[in-house]
2 protein chains.
Amino acid sequence: MPELLPALADRRARRAFDPRPVAPAEVELLYRAVSVAPSHGNSQATRLLVAEAPATRDALIAALNEGNRGWAAAAPLLVAVASITTHESNPRNRDGSEREMWAFNSGIATGNLLAQATEMGIVAHPMAGFDEPAVRAVFELPTEVRVLVVVAAGYPGAAESLPEDLRGREDAPQLRLPVEILVAHDRWTAENATTFREYRERGGASR
Amino acid sequence: MPELLPALADRRARRAFDPRPVAPAEVELLYRAVSVAPSHGNSQATRLLVAEAPATRDALIAALNEGNRGWAAAAPLLVAVASITTHESNPRNRDGSEREMWAFNSGIATGNLLAQATEMGIVAHPMAGFDEPAVRAVFELPTEVRVLVVVAAGYPGAAESLPEDLRGREDAPQLRLPVEILVAHDRWTAENATTFREYRERGGASR
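On a predicted model such as this, the values are computed, not experimentally measured, just so you know.

Bringing the domain arrangement of chain A into the picture now. What the domain assignment reports for chain A is domain 1 (6-171) and domain 2 (173-207). Each of domain 1 of chain A and domain 2 of chain A has a C-alpha centre, and these two points are 27 Å apart.

See below:
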């Protein structure tokens with residue numbers, strides 16, 4: 001009987017990190033996981049921006065939203081996922097309009113990184129709560145390079161190291177939409193349009 | 001010594017399918033892989049649109065670009081990955097501008113599906129070459145629902161079943177950008193801006 005991949009099933013966006021640096025061989029595998037991600041037309045337009053120098057780390061942490069700054073500063077590995085938007089060859093609809101693929105490609109690449117991290121017992125927590133112009137200034141990015149997430153990563157730490165309001169969230173059960181809402185068969189239904197909040201508020205059972 | 005996850009390393013966008021339908025328990029695991037994907041603010045705004053009825057399949061195949069129509073029609077499982085753009089709570093920059101996350105979230109979810117498929121020995125080939133208005137008409141999607149990829153999936157078939165021009169691409173080696181181009185340390189460099197085409201044309205060695 002096949003199972004859900006542990007690298008997907010066991011991923012949690014935890015916030016408590018051990019201060020030990022991630023082993024170089026494992027960091028290299030996170031890079032490789034991103035490099036093998038598919039991209040439309042094989043554009044390979046995703047890049048990883050690693051904050052290593054203390055001044056870079058401080059500036060990147062300062063660019064995060066306040067809610068992320070406290071816990072993410074303890075992560076030994078901070079990586080922004082960047083996209084060179086001009087490297088994409090966007091698909092066209094029949095009316096000539098284009099569909100941008102860079103954000104989608106960035107998502108697949110980031111998912112690969114998260115799966116590889118999870119497989120190695122590394123917490124990798126993607127954050128979208130930051131000021132993008134500030135992050136772009138930190139790494140001196142040209143205008144065509146965009147950043148949608150910054151990933152805080154490291155070996156798991158003790159939940160006790162976190163402020164009390166975050167502690168309980170480390171291993172909170174993950175409520176997920178049931179297949180009836182997630183999947184449409186042949187035709188969109190009103191059920192598919194249910195928001196996660198609506199589902200949760202009507203007491204949707206965890207799967 | 002840790003290794004790159006086979007579910008990531010062994011993924012190939014193959015085009016030859018066995019006609020056998022994918023086992024229901026495995027289809028269910030593809031759904032679950034998508035359901036556990038992270039999303040900003042846990043929006044869970046990604047949906048899967050499965051073409052099951054012959055008329056739906058035919059209409060979806062007709063919406064694909066000509067280059068995809070031939071081989072993809074043989075895939076027993078055709079799934080469009082959709083995003084309810086209005087379900088997202090987009091992060092804000094300090095100047096008040098918003099960053100849209102739906103395409104990124106769709107990418108992570110699709111990557112999870114591809115990894116789970118690969119793990120189970122299922123070929124899952126994401127296509128961006130299609131007419132989005134036509135795909136949206138097939139599933140009767142409301143205007144706020146967008147589709148960036150359609151995935152053709154099934155057990156692997158014989159390359160001989162493909163037209164000659166596609167046959168050789170089934171197991172062609174995957175050339176990937178080296179880490180020197182993929183990763184920036186503290187600061188963006190001209191090397192990071194290399195396009196994949198430039199890298200290939202200067203004879204970049206496969207890793």
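What follows is about the sheet that holds strand E4 (residues 145-154) of chain B. Read from one edge of the open sheet, five strands run E5(A)-E1(B)-E2(B)-E4(B)-E3(B), paired in mixed fashion. Taken across any chain shown, the strands that pair with only one partner, and hence form the sheet edges, are strand E5 (183-185) of chain A together with strand E3 (123-127) of chain B. Taking the axes of each pair of neighbouring strands and ignoring which way they run, one obtains an average angle of 25° across the sheet. The pairing of E5(A) with strand E1 (residues 46-50) of chain B spans three bridges and is parallel. Bridging from a neighbouring strand, A:His185 pairs with B:Val50 of E1(B).

How large an interface is tends to be reported as the accessible area lost when its parts come together. On the chain A side, the residues contacting the 77 residues of chain B number 77 residues. Taken together, the elements giving at least two residues each to the side of chain B that touches chain A come down to helix H1 (6-9), helix H2 (24-35), E1, helix H5 (102-119), helix H6 (132-138), E4, helix H8 (179-182) and strand E5 (183-185) of chain B. Among the elements that line the side of chain B that touches chain A, the one with the most residues is H5(B), at twelve residues. Within the side of chain B that touches chain A, the residues separate by chemical class into 45 nonpolar, 19 polar and 13 charged.

Attention shifts here to the packing of helix H5 (residues 102-119) of chain A against H5(B). For the pair H5(A) and H5(B), interaxial distance at closest approach is 6 Å and the crossing angle is 50°. By the angle between their directions, the pair H5(A) and H5(B) is classed as oblique. Remark: the crossing between H5(A) and H5(B) carries right-handed chirality. Here H5(A) contributes A:Ala103, A:Phe104, A:Asn105, A:Ser106, A:Gly107, A:Ile108, A:Thr110, A:Gly111, A:Asn112 and A:Ala115 to the contact with H5(B), which in turn contributes B:Ala103, B:Phe104, B:Asn105, B:Ser106, B:Gly107, B:Ile108, B:Thr110, B:Gly111, B:Asn112 and B:Ala115. Here the contact of H5(A) with H5(B) is built from residues that sort into eight nonpolar, twelve polar and no charged.

All right, on to the packing of helix H2 (residues 24-35) of chain A against H5(A) then. Residue and element names in this part refer to chain A. Contact geometry of H2 with H5 gives a least axis separation of 8 Å together with a crossing angle of 145°. Crossing geometry of H2 relative to H5 is assigned as right-handed. Contacts between H2 and H5 pair Leu29, Leu30, Ala33 and Val34 from the former with Ala109, Asn112, Leu113, Ala115, Gln116 and Ala117 from the latter.

Aligned on chain A, chain B shows an RMSD of 0.0 Å; the corresponding rotation is 180° and the shift along the axis is 0.0 Å. Interpreted geometrically, this transformation is the action of a two-fold axis. Interface overlap between copies is the fraction of interface residues in one copy that are interface residues in the other; for chain B against chain A it reaches 100%, indicating a shared surface.

All right, on to H5(A) then. Residues and elements named next belong to chain A. Relative to the 26 Å expected for 18 residues at 1.5 Å per residue, H5 spans 26 Å between its end C-alpha atoms, a close match to the ideal helical length. Of all 18 residues that make up H5, 18 are buried, and the element is covered over most of its length. One or two residues past the end of H5 sits glycine 121, with phi positive at roughly 75°.

This paragraph deals with H2(B). Turn by turn, an α-helix covers 3.6 residues, leaving residues three or four places apart pointing in a common direction. The terminal C-alpha atoms of H2(B), which comprises twelve residues, lie 16 Å apart, in line with the 16 Å expected from a rise of 1.5 Å per residue. Structurally, H2(B) contributes buried residues whose contacts are with helix H1 (6-9) and helix H8 (179-182) of chain A together with E1, strand E2 (77-84) and H5 of chain B.

Residues and elements named next belong to chain B. If you check the backbone angles, asparagine 42 has positive phi at about 50° while not being a glycine. Within the secondary structure layout, asparagine 42 lies in the loop between H2 and E1. On the basis of neighbour count, asparagine 42 is assigned to the partly exposed category, with 15 C-beta atoms found within 10 Å. Of note in this structure, aspartate 186 is not a glycine but carries a positive phi near 70°.

Our focus in this paragraph is the environment of B:Leu64. Residues and elements named next belong to chain B. Within the fold, leucine 64 resides in the loop between helix H3 (54-63) and helix H4 (66-72). Along the chain, leucine 64 and alanine 80 lie 16 residues apart, while their C-alpha atoms are 11 Å from each other. Setting aside residues up to four positions removed in sequence, leucine 64 forms contacts with Arg69, Ala72, Met127, Gly129, Phe130 and Val150.

Here we take up the pairing of E4(B). Residue and element names in this part refer to chain B. With nine of ten residues buried, E4 is to be regarded as a mostly interior element. With eight bridges connecting them, E2 and E4 associate as antiparallel partners. Of the residues in E4, the one forming a bridge with valine 81 is valine 149. Across five bridges, E3 lies against E4 in antiparallel orientation. Following the sheet pairing, methionine 127 is matched in E4 by valine 150.

Rules and cut-offs
- Residues numbered from 1 in each chain as written.
- Chains lettered and ligands numbered in written order.
- Predicted model: local features only at pLDDT ≥ 70, side-chain atom pairs only at ≥ 80, totals over all residues.
- Domains from an automatic or database assignment.
- Pairing = 2+ DSSP bridges.
- Helix = DSSP H or I, 4+ residues; strand = E, 2+ residues; numbered from the N terminus.
- Axes fitted to C-alpha atoms, helices over the stretch in contact; angles between N-to-C directions.
- Contact = placed C-beta atoms within 7 Å.
- Nonpolar A, V, L, I, M, F, W, Y, C, P; charged D, E, K, R; others polar.
- Parallel < 35°, antiparallel > 145°, perpendicular 65-115°, else oblique.
- Left-handed = near helix turned anticlockwise from the far one by under 90°.
- Least-squares fit on C-alpha atoms with pLDDT ≥ 70 in both.
- Expected span 1.5 Å × (residues − 1).
- Buried ≥ 20, exposed ≤ 12 C-beta atoms within 10 Å, placed from the backbone.

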